[in-house]
Amino acid sequence: MPGKKPRSSARRKALDAMRKESDRQFEELIRRRLAMPIEQRMNFLRTRLPGGGSCR
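The model shown is predicted, which means the values in this text are computed figures rather than measured ones. (Residues numbered from 1 in each chain as written. Predicted model: local features only at pLDDT ≥ 70, side-chain atom pairs only at ≥ 80, totals over all residues. Heavy atoms only, no water.)

A. Focus on the overall build of the chain. The helix and strand tally for the chain stands at 2 helices and 2 strands. In sequence order, the chain lays out its α and β elements as α-α-β-β. Burial statistics for the chain: of 56 residues in total, 0% are counted as buried. By element, 55% of the accessible surface of the chain is carried by carbon and sulfur atoms, the whole surface being about 5,900 Å². (Helix = DSSP H or I, 4+ residues; strand = E, 2+ residues; numbered from the N terminus. Buried < 20%, exposed > 50% of the residue type's maximum accessible area, 1.4 Å probe, protein only. Areas by Shrake-Rupley, 256 points an atom, 1.4 Å probe, with all protein chains shown as cover.)

B. Molecular detail of the pattern of salt bridges. Counted under the stated rule, the structure contains 2 salt bridges. R24 is the partner of E21 in a salt bridge, and the nearest nitrogen-oxygen pair spans 2.7 Å. Of this pair, E21 and R24 both sit in helix α1 (residues 9-35), 3 residues apart, roughly one helical turn. (Salt bridge = Lys/Arg side-chain N within 4 Å of Asp/Glu carboxyl O.)

C. Region of the structure containing a nonpolar patch on the surface. A cluster of nonpolar side chains, contributed by F26, L29, I30 and L34, occupies part of the molecular surface with about 370 Å² of accessible area. By secondary structure assignment, the location of L29 is in helix α1. (Patch = residues over 30% accessible without salt bridge, like charges linked within 9 Å, V, L, I, M, F, W, Y side chains within 5 Å.)

See below:
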């Protein structure tokens, strides 16, 4: 029958589990980044030069 798809509770459970794991990993990434010193977290903003200056 075109247009109708059977609803699978196993598929829904698998997708929910994947979503929860993805959220957990994202939160873990944030925790790891926040645990780093500010210089390492924000190193994409500016590069420090030997003379005391900085550049983009």
